[in-house]
Amino acid sequence: MKPVIALVGRPNVGKSTLFNRMTKSRDAIVADFAGLTRDRHYGNGHIGRREFIVIDTGGFEPDAVDGNIFHEMAKQTRQAVAEADVVIFVVDARAGVSSQDHDIANYLRRLGKPCVLAANKAEGMREGVQLVEFFELGLGEVHGVSAAHGQGIRDLLELALETLNLPEEDEDEEGAEDGVVKLAVAGRPNVGKSTLINTWLGEERLVAFDMPGTTRDAISVPFERNGTKYELIDTAGLRRKGKVFEAIEKFSVVKTLQAIETANVVLLLIDAAEGVTDQDAHIAGYILESGRAVVIAINKWDAVDAYQRELVQRSIETRLAFLKFAAMLFISAKKRQGLGPVWDAIGQAHRAAMRKMPTPVLTRVLLEAIQFQSPPRAGMFRPKMRYAHQGGMNPPVIIIHGNSLEHVPAAYIRFLEGRFRKEFDLVGTPLRIQMKTSE
Ligand code: GDP
Ligand code: GDP
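As annotated in an unreviewed UniProt entry, the protein carries the name GTPase Der and is attributed to Xylophilus rhododendri. Recorded in UniProt for the protein, the comment headed Function (unreviewed entry) runs: "GTPase that plays an essential role in the late steps of ribosome biogenesis."

Put into structure tokens, the structure is as follows:
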């Protein structure tokens, strides 16, 4: 599971700027769960191969809450901190220590969560001299950074991650190879996640092993169905109660993100009666970004009339257009309808995500595509694509080698994507295409 870093601090110290640095969110599709956590932003970041989730608490508007600024901020801070493994407490090196800084520091110290103190806007400052006053916050060493100029960010992140004593990264993703399909059921509260899982676990064809007496709300159920082994990943927002699972009211973004990251395939449940909400679209965006295979199931199909069915289908086609590579199924978890095809689609998506694409075949498809339509000339440059090889699985990555490839337009890459998808039957998985130009 990716560790979670929370950025806290009073307004204007540069948290959002730091967040953007950490996530490079200007070019990534960062799931901005604004709809469900008004003022918190979630993003993915990495240093080297080490990945993390970062939460920014910077979005709140001091003016919007009359006389109640600190209360609101404390709430945001508390929630972000509760979800985090480590906190980066950001202060303003230029403004010096404020009483709000003291309040936040006191709170963090009482909590005892790992915490790193960062003095932002420290470009051009002499750390040893000018930052000493921040020691009075009682959080240990202060690290001068400049979010705006990108100074000291890497060191800061390394320090934050070091406090967690994480085990060394598993270099190989062998888990993907051992034939177990890691499956997460994702969706908003009340879409029917627990109903579906309980229906599954009640099926005769599904043999669940050692129903876990796992800690608190962590769930991982290994099971076998028609000869295939699966593992149901902690599906955020569920709790085991005796033999059945029940929903807990609180929706945890971090848990959802972590479940998606851990899974090979995500079953995204949508409520037919509600259509696609902002929250659904955010979760879907995150699945795409994570590269996981995905199956969309529209649940409660039994509860809607023909008119509503039409509306839901249309809302999915427009709002989830970016998942159009995914199978879409209509089910009723409660009435046990349409569940067989869901398993077929999960199997298909998993096979697609793990597809082996030999270099000769990839290269043949590439050259045939070029013959059909070559990439456009870009000014003086004529991109020349020579061969392609596979760079990864789940999601499948295709790396194309050649010259001047930075001039290949996005529309042409989409055209290639279509060709590759068709050849390798890549239904249900995102596909990444990367260009590698040799000098
Ligand atoms: P937040 O309210 O804590 O999220 O703060 P913002 O990220 O919105 O930044 C507040 C202001 O500080 C903006 O005007 C930023 O341009 C500025 N700022 C952020 N980082 C730096 C920095 O490293 N150096 C300087 N000089 N200004 C910065
Ligand atoms: P969760 O929060 O995603 O786990 O949702 P639940 O499984 O607790 O379901 C929320 C509500 O939707 C419950 O009242 C279920 O009985 C109902 N529900 C779940 N699946 C269906 C379905 O297929 N059809 C209908 N009509 N109701 C359903």
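Past the structure itself, the notes keep going.
So, the overall build of the protein
On a plain count of helices and strands, the protein comes out with 12 helices and 18 strands. Put simply, the protein has 439 residues, and 40% of those count as buried. Within the protein, contacts between residues at least 6 apart in sequence are counted, and of these 72% link residues at least 24 apart.

Re the packing of helix H7 (residues 253–262) against helix H8 (residues 278–290)
Packing of H7 against H8 leaves a shortest axis separation of 10 Å and a crossing angle of 35°. Taken as a pair, H7 and H8 cross one another with a handedness that is right-handed. Residues Thr256, Leu257, Ile260 and Glu261 of H7 form the contact with H8, whose own contacting residues are Ile283, Tyr286, Ile287 and Ser290. Per-class residue counts for the contact of H7 with H8 are 5 nonpolar, 2 polar and 1 charged.

Some words on the pairing of strand E2 (residues 41–47)
Most of E2 is tucked away, with 5 of its 7 residues classed as buried. Hairpin connection, E2 to strand E3 (residues 50–56): the antiparallel pair is bridged by 2 residues, and glycine 48 has positive phi, about 60°.

Digging into unusual backbone geometry
Residue asparagine 394 is joined to proline 395 through a cis peptide bond whose omega torsion reads 10°. Of note, proline 395 is situated in the loop between strand E16 (384–392) and strand E17 (397–403). One non-glycine residue, asparagine 190, lies in positive phi territory at about 80°. As for its position among the elements, asparagine 190 is in the loop between strand E7 (181–186) and helix H6 (193–202).

Focus: the environment of arginine 382
Residue placement: arginine 382 occurs in the loop between helix H11 (359–372) and E16. In sequence terms arginine 382 and serine 404 are 22 residues apart; their C-alpha atoms lie 6.8 Å from each other. In this structure arginine 382 touches Arg377 and Ser404, once residues within four positions along its chain are discounted.

Some details on the sheet that holds strand E1 (residues 4–8)
Read from one edge to the other, the open sheet built from 6 strands follows the order E2-E3-E1-E4-E5-E6, with strand pairing classed as mixed. Looking at which strands have only one partner, the edges of the open sheet turn out to be E2 and strand E6 (142–144). The sheet shows a mean angle of 30° between the axes of neighbouring strands, direction not considered. Pairing of E1 with strand E4 (residues 86–92) involves 4 bridges; the strand directions are parallel. Directly across from alanine 6, in E4, lies its bridge partner valine 87. Across the sheet, helix H3 (residues 99–111) lies against E1, E4 and strand E5 (115–120), angled at about 165° from E4, the strand it touches most.

What about the nonpolar core?
Phe89, Val265, Leu268 and Ile296 are the most contacted members of the largest nonpolar core, which totals 109 residues. What valine 265 contacts, discounting residues up to four positions off in sequence, is Val181, Leu183, Arg292, Ala293, Val295, Ile346, Ala349, His350 and Ala353.

Here we look at the sheet that holds E16
Spatial ordering of the open sheet is given by E16-E17-E18, a layout of 3 strands whose pairing is mixed. Strands at the two margins of the open sheet, each flanked by one partner only, are E16 and strand E18 (432–437). Geometrically, the sheet is characterised by an average inter-axis angle of 25° between neighbouring strands, direction not taken into account. Alignment of E16 against E17, held across 7 bridges, turns out to be antiparallel. Paired with methionine 385 across the strands is glycine 402, a residue of E17. H11 rests against E16 and E17 of the sheet, and its axis sits at about 140° to E16.

A closer look at helix H5 (residues 153–162)
Inspection of H5 places Ile153, Leu156, Leu157, Ala160 and Leu161 among the buried residues, and these make up the whole buried set. The arc that holds the buried residues of H5, viewed along the axis, is 130°, so those residues lie on one side. In H5, the exposed positions that point more than 90 degrees away from the buried face belong to Glu158 and Glu162.

Things to note about the environment of arginine 50
Checked against the element boundaries, arginine 50 lands in strand E3. Residues arginine 50 and glutamate 158 lie 108 residues apart in sequence; the distance between their C-alpha atoms is 9.5 Å.

Calculation criteria
Residues numbered from 1 in each chain as written. Chains lettered and ligands numbered in written order. Predicted model: local features only at pLDDT ≥ 70, side-chain atom pairs only at ≥ 80, totals over all residues. UniProt positions renumbered as here; feature names shortened; annotations may be inferred. Helix = DSSP H or I, 4+ residues; strand = E, 2+ residues; numbered from the N terminus. Buried ≥ 20, exposed ≤ 12 C-beta atoms within 10 Å, placed from the backbone. Contact = placed C-beta atoms within 7 Å. Axes fitted to C-alpha atoms, helices over the stretch in contact; angles between N-to-C directions. Left-handed = near helix turned anticlockwise from the far one by under 90°. Nonpolar A, V, L, I, M, F, W, Y, C, P; charged D, E, K, R; others polar. Pairing = 2+ DSSP bridges. Core = buried A, V, L, I, M, F, W, Y, C linked by C-beta atoms within 7 Å. Arc of directions from axis to C-beta.

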